[in-house]
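The primary structure of each chain is shown beneath.
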Amino acid sequence: MAAQFGRRLRKGATTTAVAAVAVAALSASQAPGVAPTATGGDARASEATPPTGSSATGNSPYYTDLPPLNSPNKPGASPPLPAMGEAEAGIPATVLGAYKQAEQTVAASNPGCRLPWQLLAAIGKVESGQARGGRVDADGTTFSPILGPVLNGVGFADISDTDGGAYDGDRTHDRAVGPMQFIPSTWATWGQDANGDGRKDPNNIHDAALAAAKYLCAGGRDLSVKEDLDRAILSYNRSREYLRTVLSWFEYYKRGTHEVPDGSGVLPVESSGSGSTTTPVTPAKPVTPTMPAAPATPTTPAVPVTPAKPTTPAVPVTPAKPTTPGTAPGQSPSPSVPGGSTGSPKPPPAKPEPGAPSPGPTTPTTPAKPSPPTPPPSATVFGIENAGGGRPTATAGEDFAELPKVRAKSRSGQSVVGADLVFELVGETDARFSGDRTSAVVRTGEGGVAVAPALKAGEQTGDFTIRVTVAGRALPRLDYTATVTPRQADALARTGDEELTASPSSEFAHAVEVKATFKGATAAGVAVTATMVSAADDPDENTEGPYFKDAEGDPVRTLTELRTDADGMLVLPQIFSDDRSGTFLLRLTTEGGAVLILELQVAAPAAPAA
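The model shown is predicted, which means the values in this text are computed figures rather than measured ones.

The rules behind these values
- Residues numbered from 1 in each chain as written.
- Predicted model: local features only at pLDDT ≥ 70, side-chain atom pairs only at ≥ 80, totals over all residues.
- Heavy atoms only, no water.
- Pairing = 2+ DSSP bridges.
- Helix = DSSP H or I, 4+ residues; strand = E, 2+ residues; numbered from the N terminus.
- Axes fitted to C-alpha atoms, helices over the stretch in contact; angles between N-to-C directions.
- Expected span 1.5 Å × (residues − 1).
- Bend = angle between axes of the 7 residues up to and from the residue.
- pLDDT = per-residue confidence, 0-100.
- Contact = heavy atoms within 4.5 Å.
- Core = buried A, V, L, I, M, F, W, Y, C linked by side-chain atoms within 4.5 Å.
- Buried < 20%, exposed > 50% of the residue type's maximum accessible area, 1.4 Å probe, protein only.
- Disulfide = S-S within 2.5 Å.
- 1 Å grid on protein atoms, 1.4 Å probe; cavity = no way out; pocket = protein on both sides within 12 Å on 5 of 7 lines; lining within 4 Å.
- Points joined across faces, edges and corners; volume = space filled by probe spheres on them.
- Parallel < 35°, antiparallel > 145°, perpendicular 65-115°, else oblique.
- Left-handed = near helix turned anticlockwise from the far one by under 90°.
- Nonpolar A, V, L, I, M, F, W, Y, C, P; charged D, E, K, R; others polar.

Comments concerning the sheet that holds strand S4 (residues 393–395)
Working step 1: Taking strand neighbours across the sheet as the criterion, the five strands line up as S4-S12-S11-S6-S8 in an open arrangement whose pairing is mixed. Taken across any chain shown, the strands that pair with only one partner, and hence form the sheet edges, are S4 and strand S8 (439–443). With strand direction ignored, the average angle separating the axes of adjacent strands in the sheet is 25°.
Working step 2: Pairing geometry for strand S6 (residues 420–426) and strand S11 (residues 462–470), over six bridges, is antiparallel. Residue leucine 421 lies in a different strand from S11, and its bridge partner there is valine 470.

This is the structure in structure tokens:
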């Protein structure tokens, strides 16, 4: 998840010691509901070296918040969760429904996996904070894409682009996508259409939850076996710390959850690179100690203590050392001196004047509320629409004069500038965008409009589709029908002036050569049809008289596989005559309307003079 990576965050307790207690408590519980294996149980599985290979997320960063320590009840207990636990145990309705539906689907198709929905909830918590607290629409699709950091090898894995930017909007490197944070290459294999809308959308919680469920069950895993459970989690992100964090939420959710409205789920403390919301506390000015301090012994706020030990903030204290920033009253303070020194602060505290009251603790400064990160323009796009331009049409081998123009708009209908739109060629075509590409990403400019890149037609004629989508979004697409027409010629002319004559049952002495032009210019690559006809105004094929030969040597009187060369020239195959004499007609036609009629004379040679 695109969160601060490697920092453990807690509400009310952020120290490493507290986090360690959470993990130790989970380990001691032997993961209730999960059967230990006969080959070592928890200790071996949790300490095993993570398996090598790819992972679902590309080992992207994730949220490291831990659940409250005091909230889980014992398995089977009925008392409600404490107030703090109630908030953390709440899962947005649509998200919770997706997890449970995925569990039911896998139970029917792969009952041996024994997948619990609480495992999906645990992974969804650390990957996206339950889809950013349940910010999804009625279909379960996030209002804006959830994208992990660019996996360019700088602090993270180096994964080159595998989806052409279709899911993550990045055509150079991949990024983890959606509430379950699949990288595009993994989604290409495991993506699901759980809500039956005909699309496999990683930003849809139903699709993503089912994909995660099937991914975790891969390889014949039985998730009621601890070693298989650990392997499944590590296959999602190959970090032992990740394993422990997911297991902590898994155990927490097994002890009780409840449904909350979409959009009201508890968000992680830090996300997308924002700073900690904990502000360092300024320790009270120390007073002269009257007896050696005992810093290792924590105090209980409700019981009076000697002045030498830390007390509640309402009573002046004589701290043995400064408190750790953010440590709540009543907890054992940690040394803040570099290197862990437990000596007195420097300089030593001044002795107060007789009768002067001891100073009390300084009131913590209320931190300024961090500004939410500004979403990328593509995340604010609600739809795309045609912005003008005619139907894209071009002659084979030529550039398209008309190109699609598309406008990106927000939910309120305002133009969105700077959004990335993907233009893609779909169907049987050899047309290509500039750079010999079949897809291209174009950023919207003034008025939120993007124009397709320069497009050149190939030799394949007919219709194809130019499809436009919003990069990284599963919004409705725009399809434009484009047409490639054959190359054309509007004039044909014979290059020679010899008479075309032959004797019966022989062949014509001179070959027929013609040149095609279009608007006065050479017409290269133009298809030409040659037909023996009985009349100039009748295109039907004549059944007698001169003919061509096919590959087998049989007579044919129509040829269609003819094409002018780069100079617009065409030499017809050899023409033969049958036993009939007379004047016959050869008709040549092209795309573009060029027509040329040639006379063929068949006559017996004159008798020699006596």
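A few points about helix H5 (residues 117–134)
Since the α-helix turns once every 3.6 residues, residues separated by three or four places project in the same direction.
Working step 1: Its 18 residues place the ends of H5 only 16 Å apart at the C-alpha level, less than the 26 Å of an ideal helix rising 1.5 Å per residue.
Working step 2: The axis of H5 is deflected most strongly, by about 95°, at valine 126.

Overview of the sheet that holds strand S3 (residues 383–386)
Working step 1: One open sheet holds the three strands; their spatial order is S3-S5-S9, and the pairing between them is antiparallel. For this open sheet the edge positions go to S3 and strand S9 (449–451), each flanked by a neighbour on one side alone. Averaged over all pairs of adjacent strands, the angle between their axes in this sheet comes to 30°, without regard to strand direction.
Working step 2: Alignment of S3 against strand S5 (residues 405–409), held across four bridges, turns out to be antiparallel. Bridge assignment links isoleucine 384 to a residue of S5, and that residue is alanine 408.

Here we look at the confidence of the model for the protein
Working step 1: Confidence in the prediction for the protein averages 76 pLDDT; 69% of positions are at 70 or higher.
Working step 2: Here residues 71–85 is a poorly scored stretch, pLDDT under 50, and it has 22 contacts once near neighbours within four places are set aside; other chains count.
Working step 3: This model gives residues 271–349 a pLDDT under 50, and the stretch forms 91 contacts once residues within four places in sequence are excluded.

Some points on the nonpolar core
Working step 1: Tyr99, Leu115, Leu119, Leu216 and Tyr236 are the most contacted members of the largest nonpolar core, which totals 47 residues.
Working step 2: Those elements that place two or more of their residues in this core are helix H4 (93–109), H5, helix H7 (205–216), helix H8 (226–236) and helix H9 (240–254).
Working step 3: Residues within four places of leucine 119 in sequence aside, it is in contact with Leu216, Leu223, Leu229, Ile233, Val246 and Phe250.
Working step 4: By size, the runner-up hydrophobic cluster in this structure holds 30 residues, among which are Ile466, Val468, Ala482 and Val484.

A closer look at the state of the cysteines
Working step 1: Applying the stated criterion to the full structure yields one disulfide.
Working step 2: Bridging cysteine 113 to cysteine 217, the disulfide has an S-S length of 1.9 Å. Between cysteine 113 and cysteine 217, the S-S torsion sits near -80°, and that sign places the bridge as left-handed. Separated by 104 residues along the polypeptide, cysteine 113 in the loop between H4 and H5 and cysteine 217 in the loop between H7 and H8 bring together distant segments of the chain. By the burial criterion, cysteine 113 is buried, and cysteine 217 matches it.

Some points on empty space enclosed by the protein
Working step 1: This model, assessed by the stated rule, comprises two cavities of 30 Å³ or more.
Working step 2: Taken together, Glu88, Gly90, Pro92, Lys125, Gly129, Gln130, Gly133, Tyr253, Gly265 and Val266 make up the full set of residues lining the second largest cavity.
Working step 3: Here the element with the most residues in the lining of the second largest cavity is H5; it accounts for four residues.

Focus: the environment of asparagine 237
Working step 1: In this fold, asparagine 237 is placed in the loop between H8 and H9.
Working step 2: Separated by 175 residues in sequence, asparagine 237 and tyrosine 62 place their C-alpha atoms 9.3 Å apart.

Examining the packing of H5 against H9
Between two packed helices, what matters for the description is the angle formed by their axes and the separation of those axes.
Working step 1: At their nearest, the axes of H5 and H9 sit 8 Å apart, and the two run at 120° to each other. Taken together, the axes of H5 and H9 lie oblique to each other. For the pair H5 and H9, the sense of crossing is right-handed. Judged by residue contacts, Gln118, Leu119, Ala121, Ala122, Ile123, Lys125, Val126, Glu127 and Gln130 of H5 engage Tyr242, Thr245, Val246, Trp249, Phe250, Tyr253 and Lys254 from H9.
Working step 2: Grouping the amino acids of the contact of H5 with H9 by side-chain chemistry returns 10 nonpolar, three polar and three charged.

Brief notes about unusual backbone geometry
Working step 1: Backbone geometry places alanine 131, a non-glycine residue, at a positive phi of 55°.
Working step 2: Within the fold, alanine 131 resides in helix H5.
Working step 3: The residue serine 505 is not glycine, and still its phi comes out positive at about 55°.
Working step 4: Checked against the element boundaries, serine 505 lands in the loop between strand S14 (501–502) and strand S15 (513–518).

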